Amino acid sequence: MTDYYQKNYRLYHEKTFAVDPSAFLEPLAERLIAGATVLDVGCGSGRDLLWMKNKGFYVIGLDRASGLVKIARQNTGCEVIEGDFATYDFSVISADAIMLIGALVHVPHDRFSDIFKNIIQSLTDFGKILITLKEGIGARTDEVGRIFYLWQDQKARVLFDSHGYRVCDFSRSSSKTGSGEIWLGYVLGKKAPPAH
């Protein structure tokens, strides 16, 4: 499971790069100022990086699979960091927005909060987060042995709230790869501090 993206990076690129990401990236893009810095965590082969770059944002990618990192650099001409989001020191990056497009679907529920907290260290005070999760209960393993941890909307909202974020935009959509899976999409912003 852990080596799937490293071993199959070309296949993954072929299956995902041609998907039009407009529907799930627009709700974030329209909330950012021109030239904002966007960090794409788990950027894969760079599809979403390229889309955001073409919209005039300054984008940085991060992925664990060296094969995908190389393809993402070639596809986008952007800085792409090779690193594992579970251990990478995100405090060294300052981003106005973070994209987590399917990036955390393999993270067990009991580790999710700690990893999410690590990643959002890179966010500026008024930064936004775009995150997509697969809908369902528990976990499931696909035909190639990847384990997906599934989420229900209410539980996801409780977790985001616990980290000080509110939901600015929500979508529920079928997978564009034709798998029939349902994706939950969220744009998150910092909750306002309580009034004194």
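A short tour of the structure in this document, coming up. (Residues numbered from 1 in each chain as written. Predicted model: local features only at pLDDT ≥ 70, side-chain atom pairs only at ≥ 80, totals over all residues. Heavy atoms only, no water.)

1. Observations regarding the sheet that holds strand 5 (residues 123-134)
For step 1, the next point in the chain: Read across the sheet, seven strands follow the order 3-2-1-4-5-9-8 without closing on themselves; strand pairing throughout is mixed. Strands at the two margins of the open sheet, each flanked by one partner only, are strand 3 (79-82) and strand 8 (165-174). Direction aside, the axes of adjacent strands within the sheet are offset by 15 degrees on average.
For step 2, the next point in the chain: Alignment of strand 5 against strand 9 (residues 182-190), held across seven bridges, turns out to be antiparallel. (Pairing = 2+ DSSP bridges. Helix = DSSP H or I, 4+ residues; strand = E, 2+ residues; numbered from the N terminus. Axes fitted to C-alpha atoms, helices over the stretch in contact; angles between N-to-C directions.)

2. Quick word on the pattern of salt bridges
For step 1, the next point in the chain: Enumeration over the complete set of coordinates arrives at eight salt bridges.
For step 2, the next point in the chain: For the salt bridge of D161 with K191, the shortest nitrogen-to-oxygen distance reads 2.7 Å. Pair noted here: D161 is in helix 7 (residues 153-162) and K191 is in the segment after strand 9, with a separation of 30 residues, a long-range link.
For step 3, the next point in the chain: Through salt bridges with shared partners, a single network forms among K134, R140 and E181. (Salt bridge = Lys/Arg side-chain N within 4 Å of Asp/Glu carboxyl O.)

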